[in-house]
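# Working through the structure, step by step
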Amino acid sequence: MEKPVAFREIAMPHPNPRNEYVTYGRRLQPEMNFESDDLERLYLDHRKDLIETAIEECAEYLDADDWMDEDVFPCVKEMTGEWYLASVDVRREGGEVMAQIYLHFLGRCSEESMSGEKDDYLGIEALFVYDSDRGEFGFDGLNTDAI
């Protein structure tokens, strides 16, 4: 069966020296928050796997038939498949290292409501917990919101 949305990453061109919240219109690079230099290095060492896992989990979530109906949110028919990394947060919480990878997915507004231009549509936060015995992050869930 064909996937309803094929994902493509967008690299945002503008530096974000003040670490501000990012939007598609502002084209800022991701907001990055690390509790320590060690946690930043840990993220950088696992970045590729974290992003790949986040996208795989998002694809599985959006592959449900429920999201094909135009009367629900998110409606994959309104999504372009384009996404960008909006923020990363890695910190210690209750003795565990937690990573939050926040992705913004673009969509097109319906012709009836606006011009059909693409813009931020869906935010999905992928949560991970670091397993120091295995030396890797384990996926812990998704949170979604309209943006």
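Residues numbered from 1 in each chain as written. Predicted model: local features only at pLDDT ≥ 70, side-chain atom pairs only at ≥ 80, totals over all residues. Heavy atoms only, no water.

The name that an unreviewed UniProt entry assigns to the protein chain is DUF2262 domain-containing protein, with the source organism given as Collinsella intestinalis DSM 13280.

## Re the pattern of salt bridges
The following threshold applies: One speaks of a salt bridge when a side-chain nitrogen belonging to Lys or Arg is within 4 Å of a carboxyl oxygen belonging to Asp or Glu. Throughout, exposure labels follow a simple rule: accessible area from a 1.4 Å probe, protein chains only, divided by the maximum for the residue type, with under 20% read as buried, over 50% as exposed, and the rest as partly exposed.
Across all of its chains, the model carries eight salt bridges by this definition. Put simply, aspartate 89 and arginine 91 hold a salt bridge, and the shortest N to O gap is 2.9 Å. Here arginine 134 makes a salt bridge to glutamate 136, at a shortest N to O gap of 2.3 Å. Taking the relative accessible area as the measure of exposure, arginine 134 reaches 58% and is therefore exposed. Connected via shared salt-bridge partners are Arg18, Glu20 and Arg26.

## Considering the packing of aromatic side chains
Our working rule: Centres within 6.5 Å make a pair out of two Phe, Tyr or Trp rings, where for Trp the six-membered ring is used; the pair is then stacked when the planes are under 30 degrees apart, edge-to-face when over 60, and tilted otherwise. Whether a charge lies above a ring is judged from NZ of Lys or CZ of Arg, which has to be within 6 Å of the ring centre and within 35 degrees of the ring normal.
Tallied over the full model, the rule gives five aromatic pairs. Centroid distance phenylalanine 34 to tyrosine 43: 5.6 Å. Interplanar angle 40 degrees. Geometry classified as tilted. Directly above the aromatic system of tyrosine 24 lies the positively charged group of arginine 27, at a separation of 3.9 Å from the ring centroid.

## Some details on helix α1 (residues 37-62)
What counts is decided by this rule: The bend reported for a residue corresponds to the angle between axes fitted to the seven residues ending at that residue and the seven starting there. Helix and strand assignments come from DSSP, with helices taken as H or I runs of at least 4 residues and strands as E runs of at least 2, each series counted from the N terminus. Contacts are residue-level and defined by heavy atoms, with any inter-residue pair within 4.5 Å sufficient.
When the local axis directions of α1 are compared, the greatest deviation, roughly 65 degrees, occurs at histidine 46. What α1 keeps buried is the set Leu39, Leu42, Tyr43, His46, Leu50, Ile51, Ala54, Ile55, Cys58 and Leu62. Turning to α1, the residues buried within the fold contact β2 (31-34), β3 (79-93), β4 (96-108), β5 (118-131) and β6 (136-146).

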